Amino acid sequence: MKKILCFFFLVVCSCQNDDLKNTDIDSYPGSLSLIHNGINREYYVYLPSIYNKDSIAPVMFNFHGGSGNIAAAIEYSDMRNLADLNGFILVYPQAIGDQTDSSKPSPVWTYKTLAATTAVDNIGFIEAIIDSLATEYNIDQERIYACGYSNGGEFSQELAVRLSSRIASIASVSSSMQVDTFNQTEQKPIHPLAVLTINGTEDTYYQYNGTLPYFESISQLNNFWVNHNQCNTEPLVVELANTNTTDGSTVERYSWSNSTGEVYVEHLKIIEGGHDFPGSFGNMDINSNNEIWNFVSQYDINGIR
C-alpha cells in the first residue's frame, strides 16, 4: 500500500510541473500504433463497456501535458468511467520530441519551429487516428471532441483552429493559445465551435494575464472564441460553492451565449489556483473530467445538439 501511495504522490507532484517530467514513453499496455510522416506513433483506445457496433459512438481525445505520456494523462484525467457511462470512445495519443533537434527529446504537442512542426505533423497524426477509428468502429464523425492539460490543452486549441472540419468542441485545462495561432489568418474554424477553458489565476506556466510573446492571456483566449461564435460579449457569472475549504481556491463560472441563449463559450476561473488539474490536484470544488464531458457533449460539428 505504501508503494502505491508513494507512486501517486510522485505523479501528482510531477504533474504540477507541466505534467510528468519524464521522457520515458515506452508503449502503454494495450496501445495501438500507426505510421505517420514515416514515424511510428502510439495511441491508446478505450472502448466503453456499452459500446455496440450497431450504434454510432462519439469520440473523445485526451492529450497529456508537455514531457508527459499516456500513463500520466490517465493518472490525473481518467475518463474511462465516464466513457462507460456515456458510451464515448476514449483516445489518449502519445506525443514525441522534436525530430529536427536531438537535444529536445521530450514529448510535446507543439514545437518552436515550422520545420519541427512539419516533420512531426501532430495535427495530421490526429486526423490519421480519426480515419483509422472510422475503419474499425462505428464512430460519430459529427461528435469528435478534444481536451487536454497544459501543452495538451494548447494543442486542443490548435486543433480547434486548424482541424475544425473534424472537431466539434474542445476543452483546455491550465493552458492557452499560441500567439502565432491567435494572430494567423490562413486557417480559421469553419463552424460554430464550443470551447471550455479551465484556468488558475496563479498559474506560473500559462499565466492568466498572458505569457508573452508565446501565449495569449485567458481573457484574449476566451474573447477569440466569443467573437468566433458570435456570442454576447457580457458573460453570465456564477460563483460556485466552495465545497472544499482546504484547497486554497474558489471557482467562478463565466458563460457566454449567442443571440438565442445557447452557451458556446464557458470559462471556469480558479481563483488562487495554479497549474493544476482541478478534481485531481489543486482545486477540488470541481471535477475537470465531468465539467469537460458535460460541456462538450452538448454539441456536434453543426453546433448545439
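Just above sits the structure.
Since this is a predicted model, take the numbers as computed values, not measurements.

(A) Representation of the overall build of the protein chain. The number of helices and strands found in the protein chain is 9 helices and 12 strands. Taken against the 2.2 N^0.38 rule, which gives 19 Å for 305 residues, the C-alpha radius of gyration of the protein chain at 18 Å falls within 12% of a compact globule. Its C-alpha atoms put the protein chain at 45 × 45 × 45 Å along the principal axes. Looking at the protein chain as a whole, 56% of its 305 residues qualify as buried. Accessible surface computed for the protein chain: about 13300 Å², of which carbon and sulfur atoms make up 49%.

(B) Examining the packing of helix α5 (residues 122-136) against helix α6 (residues 151-162) more closely. Remark: α5 packs on α6, axes separated minimally by 11 Å, with the N-to-C direction vectors making an angle of 75°. With respect to α6, the axis of α5 lies roughly perpendicular. Contacts from Asn122, Ile123 and Ile126 in α5 reach Phe155, Glu158, Leu159 and Arg162 in α6. Grouping the constituent residues of the contact of α5 with α6 by class yields 4 nonpolar, 1 polar and 2 charged.

(C) Representation of the pairing of strand β5 (residues 139-149) in the model. Counting buried residues in β5 gives 9 out of 11 residues, a clear majority hidden from the surface. Sheet topology places β5 next to strand β6 (residues 169-173); 5 bridges connect them, and they run parallel. Within β6, the residue paired with Gly148 across the bridge is Ser172. Considered for its hand, the β-α-β crossover made up of β5, α6 and β6 is right-handed.

(D) The arrangement of the nonpolar core in detail. Ranked by size, the top nonpolar core spans 77 residues in total, and within it Met60, Phe61 and Trp225 carry the most contacts. The residues contacting Phe61, other than those within four sequence positions of it, are Val91, Pro93, Ile126, Ile129, Ile130, Leu133, Ile144, Tyr145, Ala146 and Cys147. Counting 6 residues, the second largest nonpolar core, distinct from the first, contains Ile39, Val108, Ala116 and Val120.

(E) Representation of empty space enclosed by the protein. Within the structure shown, the criterion is met by 1 cavity of 30 Å³ or more. In this structure, the largest cavity encloses a volume near 30 Å³. Ser174, Ile198, Asn199, Gly200, Ile270, Gly274, Asp276 and Pro278 together form the lining of the largest cavity. Of the residues forming the lining of the largest cavity, the biggest block, 3 residues, is contributed by strand β7 (residues 194-200). Each residue belonging to the lining of the largest cavity can be placed in one class, and the counts come to 3 nonpolar, 4 polar and 1 charged.

(F) Molecular detail of the packing of aromatic side chains. Inspection of every chain in the model, using the stated rule, returns 20 aromatic pairs. In textbook terms, an aromatic cluster arises when at least three aromatic residues are bridged by ring pairs, as seen for Phe61, Phe63, Trp109 and Phe155. A cation sits over an aromatic face here: Arg41 above Phe125, 3.9 Å from the ring centre. The ring of Tyr214 carries the charged tip of Lys112 above its face, separated from the ring centre by 4.7 Å.

(G) Structural detail: the side chain of Ser297. With respect to the secondary-structure elements, Ser297 resides in the loop between α9 (288-296) and β11 (299-300). Ser297 gets classed as buried once you look at its relative accessible area, which sits at 13%. In this structure the side chain of Ser297 is engaged in a polar contact, spanning 2.6 Å, whose partner is the backbone oxygen of Trp293. Ignoring sequence-local partners within four residues, the contact set of Ser297 consists of Arg143, Tyr145 and Arg305.

(H) Just α5, in detail. The terminal C-alpha atoms of α5 lie 21 Å apart, and with 15 residues this matches the ideal 21 Å at 1.5 Å per residue to within 8%. Among the residues of α5, those classed as buried are Asn122, Ile123, Gly124, Phe125, Ile126, Ile129, Ile130 and Leu133.

Criteria and cut-off values
- Residues numbered from 1 in each chain as written.
- Predicted model: local features only at pLDDT ≥ 70, side-chain atom pairs only at ≥ 80, totals over all residues.
- Heavy atoms only, no water.
- Helix = DSSP H or I, 4+ residues; strand = E, 2+ residues; numbered from the N terminus.
- Rg over C-alpha atoms; globule rule 2.2 N^0.38 Å.
- Buried < 20%, exposed > 50% of the residue type's maximum accessible area, 1.4 Å probe, protein only.
- Areas by Shrake-Rupley, 256 points an atom, 1.4 Å probe, with all protein chains shown as cover.
- Axes fitted to C-alpha atoms, helices over the stretch in contact; angles between N-to-C directions.
- Parallel < 35°, antiparallel > 145°, perpendicular 65-115°, else oblique.
- Contact = heavy atoms within 4.5 Å.
- Nonpolar A, V, L, I, M, F, W, Y, C, P; charged D, E, K, R; others polar.
- Pairing = 2+ DSSP bridges.
- Right-handed = clockwise from strand over helix to strand, strands pointing away.
- Core = buried A, V, L, I, M, F, W, Y, C linked by side-chain atoms within 4.5 Å.
- 1 Å grid on protein atoms, 1.4 Å probe; cavity = no way out; pocket = protein on both sides within 12 Å on 5 of 7 lines; lining within 4 Å.
- Points joined across faces, edges and corners; volume = space filled by probe spheres on them.
- Phe/Tyr/Trp six-rings, centres within 6.5 Å; stacked < 30°, edge-to-face > 60°.
- Lys NZ or Arg CZ within 6 Å of the ring centre and 35° of its normal.
- Polar contact = N/O pair within 3.5 Å; in protein donor to acceptor, adjacent residues only side chain to side chain.
- Expected span 1.5 Å × (residues − 1).

It is worth stressing that arrangement in space is one thing and function is another; only the former is reported here.
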